[in-house]
Amino acid sequence: MTANAMERLYEGADWDFSTLQRLHDACETIALGELGLNVYPNQIEVIRAEQMLDAYSSVGMPLSYKHWSFGKHFTQHEALYRTGLRGLAYELVINSSPCISYLMEENTATMQALVIAHAAFGHNHFFRNNYLFKQWTDAEGILEYLNFAKGYVAQCEERYGQGAVEAILDAAHALKSHGVYRYPGKKKLDLRGEERRERERRAHSERTFNDLWRTVPAGPTKSVSELTSGRRRALLGLPQENILYFLEKYAPRLQPWQRELLRIVRHISQYFYPQSQTKVMNEGAATYVHYRIMNRLHDRGGISDGDFLEFLQSHTNVVFQPLYDDPRFSGFNPYALGFAMMRDIERIAADPDEEDRQWFPEIAGAGDAMAALRDIWANYRDESFVSQFLSPRLMRQMRLFQLHDDPAQTEGVRVKAIHDERGYRRIRSELARRYDVGWSDPNIEVVDVDLEGDRRLILHHSVVNGRLLSEAAAKRVLQSLADLWGYNVLLREIGPADAVLREHPCSPRGAALAAA
Amino acid sequence: MQVLDRRLNPGGKNLENRQRFLRRAKALVQQAVRRSSQDRDISDILEGGEIAIPAAGVDEPWFHHGPGGIRDDVLPGNRKFVEGDLLPRPDGGGGGAQNGHDGEGEDVFRFVLSREEFLDLFLDDLELPDLAKRRLAEIEFEGVRRSGYALAGSPVNIAVTRTMRFAMSRRIALGRPSAQAIQRLEGEIAGCEDIDRRAALATELSALQARMRRIPYVDPIDVRYRRFENAPRPTAQAVMFCLMDVSGSMSEHMKDLAKRFYMLLYIFLTRRYRRVEIVFIRHTDRAEEVDEETFFHSPATGGTVVSSALEAMRRIVELRYRPKDWNIYAAQASDGDNSHNDGQTSAQLLKDHILPATQYFAYLEVGEEDARGQGAAAQSSLWGVYESLRAEGRPLAMRKVNARGEIFPVFRDLFRRREGKERIAS
């Protein structure tokens, strides 16, 4: 320990820019050298509380197009903040290259060290290495794309009016959660190319425009009605889970700019898709990294004992998990669960007991905990992570139990499993399933439409365990969908054995979004 | 690694979004502002503050599961349960411990309005009635305005295009040889073998050069400057008379009501119109013009002679606010008491002097909190007098107020934006 002692990095709570530089360098040495992390170049930005509020409301992005819903979120956060009901996050990090971390100016020096270790190394490593982020996001292109989106929306507003643009964006936002591909496609997202392609599309249509085509008499109509419904669906790529994509490509009455707006919302939504699937792992990894780095800095004398106590206090607050009967309880704290699991994996790798060897033969006693963790961080998402690495010991520690609520059972809610030999696997798979977006989000697909006929769009919601859609919300979202589509829309909720449990028909409003 | 200091970057990136949000929710926000302003103190009104609007108006729907169905939940902190235990459902039944509310969100959406936003919304559809006479009597200088060109001015104001245009027309008119012509000539001389021809060309060249020197490229007479002048902007001006009875018959509660009304009025006026003068007249059995502070906060006792205040107002109008130049508005607050022999005098003063001169005269009768309901039965002496005037079709508005909560509706009612020809004397 004393062998590689270091100079004290700072004294007291005050910091300046050279302190930040020193902190970053010290963290970097440990993160890259001892933990073997692999990160994007870092960019650290110091901001004021008000700017943090700004960043909050545009879903954490440094820039975004204008829309009232961002204003709503801003207003809400502001109210909570100003009335003292909620503090602001200490940091905010953006999955981009360079990886941008926002630091609040009022943080103490210790907090800045914590935040740099957490965001600039923990999250950064995760963004760069996790397979979901690699597959779905384009860290190099995102800022440019957002800039393009902002400009494009502004341009559309100028041309077609704020109202028209807002109507499209409202509708697109309502379908945002169903505007992502859940399974990897053939090609990687290339946001830089997106902007170029949009320009090319427009240039091409301008170049090839010839009004004469309008006057050319159409030949005898082909007898397309003979297409079998199977062939027809195949041509449209149905069934299609990405509803926004389907609308963008096939909605009969949308203008090109309206399609482009749908595309923008879809791309941004896709960019955030991995984040929602890796909340536990991402926060767990970042918390674990800051914990390791801060401890190391303290060991080597870079941080004084007093400052280290401050760190421990914040850290403990972050990883606090209230129990189910605590008034503060609101589900699992991803920081707490993630951090506990990472520590547990570290323990299993270094010092396993008999049970661990039985449950985790591949990592138990492997020795190098960081190698095991790096591998896990790269190749799992929350669902698979929990279902494979939640250990019986941790389940006992957290005293997990499973409740089964079946409306058919009138006596009450059944305790289906507890943290015992019989319950470990059931609890683990149930908890894992709660992190599966495919399970928690309703599974809705576009299944059929007859473009030559009445053009009615038919969607199916595959109902699992009798969980129907919230009717009021479904009605409003469908209204948006119908407005975009321009014709009638029908959503069927399909239960087991193809039984139709409920139907939601919807017609577009009179003043449909699309020009006739 | 790069450390950037973004603290100096402009904030307020979301102001535009916030405005859009407010615009979208305007009707809801306005209702909420009205509602919340009813049980607020006046001084609080100036503060803006938190308001709540129904979330349904501004929610962003998305497809999600509703309540019902079979649900499983994993929770931490088991102390006493064993597998197979049955726990009674919390009331309502159905739905998991927390899934039932999942995503339904709160019923109200709370946020904070700034003072400006609050007042904007609160006073949005109010207006001083009949702001008709527009006089250019008062002139305010509102900065500078471009007004053509000048021959003299400061060098920063040189109008380059204009100057060069003049220079060019002068050069053309006076036949200043162009640079190309001289160049061509020089080239010709260089390529010329014949000595005589060469000499002739040289003379021609020197003549041209001399001419060129004589006629400058840009002459001082070409130079023009952009001219700016102060732009006077006329404003319509109005004066508001606040009359209040502060005599012994006015209880604290009544004074409080009257004060609230005037404060509202004051906020409204100073905000809505840039050029509004306000005259405060308080009276017992004597009237005096006072400043705002005294008007609202200083106690006084005595009998009640309303005509004294009206007389004071008449005098002040005569002295300082000629009806020809000023829009005159008056608001009077009183408990309705008046000495018996004064009713006639007051009516006469109003009829002959004050009402003809004013655009609008509002009378607010304040009463005790518990006196609600009997207002109509027990008519005050002043109310009777004014009622008869109003019956003659004079521009006089009257309202009764007993409780704090009524102040806002009454105020709004009196200063509602009128449609077309609807008469103010309602």
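Each value, and the rule that gives it
- Residues numbered from 1 in each chain as written.
- Chains lettered and ligands numbered in written order.
- Predicted model: local features only at pLDDT ≥ 70, side-chain atom pairs only at ≥ 80, totals over all residues.
- Helix = DSSP H or I, 4+ residues; strand = E, 2+ residues; numbered from the N terminus.
- Rg over C-alpha atoms; globule rule 2.2 N^0.38 Å.
- Buried ≥ 20, exposed ≤ 12 C-beta atoms within 10 Å, placed from the backbone.
- Contact = placed C-beta atoms within 7 Å.
- Pairing = 2+ DSSP bridges.
- Axes fitted to C-alpha atoms, helices over the stretch in contact; angles between N-to-C directions.
- Expected span 1.5 Å × (residues − 1).
- Domains from an automatic or database assignment.
- Nonpolar A, V, L, I, M, F, W, Y, C, P; charged D, E, K, R; others polar.
- Parallel < 35°, antiparallel > 145°, perpendicular 65-115°, else oblique.
- Left-handed = near helix turned anticlockwise from the far one by under 90°.

## What about the overall build of chain A?
Part 1 of the reasoning: Of regular secondary structure, chain A possesses 22 helices and nine strands.
Part 2 of the reasoning: A globule of 516 residues ought to have a C-alpha radius of gyration of about 24 Å, and chain A, at 26 Å, matches this closely.
Part 3 of the reasoning: Counting only C-alpha atoms, chain A reaches 90 × 60 × 45 Å along its principal axes.
Part 4 of the reasoning: For chain A, the proportion of its 516 residues judged to be buried stands at 44%.
Part 5 of the reasoning: Summarising the internal contacts of chain A: among those between residues at least 6 apart in sequence, 73% fall at separations of at least 24.

## Digging into the overall build of chain B
Part 1 of the reasoning: The helix and strand tally for chain B stands at 13 helices and 13 strands.
Part 2 of the reasoning: Taken over 426 residues, chain B has a buried fraction of 28%.
Part 3 of the reasoning: For chain B, the proportion of contacts with a sequence separation of at least 24, taken over those separated by at least 6, is 82%.

## Topic: the sheet that holds strand 7 (residues 457-462) of chain A
Residue and element names in this part refer to chain A.
Part 1 of the reasoning: An order of 6-7-8-9 is seen for the four strands of this open sheet, with the pairing classed as mixed. Strand pairing shows two members of the sheet lacking a second neighbour, strand 6 (443-449) and strand 9 (500-506), which therefore form its edges. For this sheet the average axis-to-axis angle between neighbouring strands, irrespective of direction, equals 20°.
Part 2 of the reasoning: With six bridges connecting them, strand 7 and strand 8 (residues 489-494) associate as parallel partners. Within the sheet, the bridge partner assigned to Leu-457 lies in strand 8 and is Val-489.

## Focus on helix 22 (residues 471-485) of chain A
All names here are of chain A.
Part 1 of the reasoning: Helix length check: helix 22, at 15 residues, gives a terminal C-alpha distance of 20 Å against a target of 21 Å (1.5 Å per residue), a fit within 8%.
Part 2 of the reasoning: Taken together, the buried positions of helix 22 are occupied by Ala-473, Ala-474, Val-477, Leu-478, Ser-480, Leu-481, Ala-482, Asp-483, Leu-484 and Trp-485.
Part 3 of the reasoning: Those residues of helix 22 that are buried are in contact with helix 7 (162-174), helix 11 (243-250), strand 7, strand 8 and strand 9.
Part 4 of the reasoning: The positive-phi residue at the C-terminal boundary of helix 22 is Gly-486, with phi of around 90°.

## Section: the domain arrangement of chain A
Residue and element names in this part refer to chain A.
Part 1 of the reasoning: Taken as a whole, chain A is organised into domain 1 (17-130 + 278-313), domain 2 (163-181 + 230-258 + 442-516) and domain 3 (319-438).
Part 2 of the reasoning: Computed over C-alpha atoms only, the centres of domain 1 and domain 3 are separated by 26 Å.
Part 3 of the reasoning: In this complex, domain 1 contributes 14 residues to the contact, which on the side of domain 3 involves 19 residues.
Part 4 of the reasoning: Broken down by secondary-structure element, the contributors of at least two residues to the side of domain 1 that touches domain 3 are helix 4 (109-129) and helix 13 (279-299).
Part 5 of the reasoning: The greatest single-element share of the side of domain 1 that touches domain 3, amounting to eight residues, is contributed by helix 13.
Part 6 of the reasoning: When the residues that make up the side of domain 1 that touches domain 3 are grouped by side-chain class, the tally is six nonpolar, six polar and two charged.

## Looking at the pairing of strand 4 (residues 401-405) of chain A
Part 1 of the reasoning: Counting buried residues along strand 4 of chain A, four of its five residues qualify, which places the element largely inside the surrounding structure.
Part 2 of the reasoning: As defined by bridge partners, strand 4 of chain A adjoins strand 5 (residues 413-418) of chain A across four bridges and the pair is classed as antiparallel. Note on strand 5 of chain A: the bridge partner recorded for Gln-402 of chain A is Ala-417 of chain A.
Part 3 of the reasoning: Pairing analysis gives five bridges linking strand 4 of chain A to strand 3 (residues 71-75) of chain B, with the strands arranged antiparallel. Pairing of Phe-401 of chain A across the sheet is with Leu-75 of chain B, part of strand 3 of chain B.

## Quick look at the sheet that holds strand 5 of chain A
Part 1 of the reasoning: Strand order in the open sheet formed by four strands is 3(B)-4(A)-5(A)-4(B), with antiparallel pairing between adjacent strands. Each having just a single partner strand, strand 3 and strand 4 (86-87) of chain B make up the two edges of the open sheet.

## As for the packing of helix 10 (residues 306-320) of chain B against helix 11 (residues 343-357) of chain B
Two measures define how a pair of helices packs: the angle their axes make with one another and the distance between the axes.
Residue and element names in this part refer to chain B.
Part 1 of the reasoning: With their axes 10 Å apart at the nearest point, helix 10 and helix 11 run at an angle of 25° to one another. Between helix 10 and helix 11, the crossing angle belongs to the class labelled roughly parallel. Handedness of the crossing formed by helix 10 with helix 11: left-handed. Mapping the contact onto sequence places Val-306, Ser-307, Leu-310, Glu-311, Met-313, Arg-314 and Val-317 in helix 10 and Thr-345, Ser-346, Leu-349, Leu-350, His-353, Ile-354 and Ala-357 in helix 11.
Part 2 of the reasoning: Across the contact of helix 10 with helix 11, the residue classes tally to eight nonpolar, four polar and two charged.

## A word on the packing of helix 4 of chain A against helix 14 (residues 305-318) of chain A
Residue and element names in this part refer to chain A.
Part 1 of the reasoning: Where helix 4 meets helix 14, the axes come as close as 9 Å, and the angle between the chain directions of the two elements is 55°. On the basis of their axis angle, the class for helix 4 and helix 14 is oblique. Of the two possible hands of crossing, helix 4 and helix 14 adopt the one that is right-handed. Contacts from Thr-110, Met-111 and Leu-114 in helix 4 reach Asp-307, Glu-310, Phe-311 and Ser-314 in helix 14.
Part 2 of the reasoning: Here the residues of the contact of helix 4 with helix 14 sort into three nonpolar, two polar and two charged.

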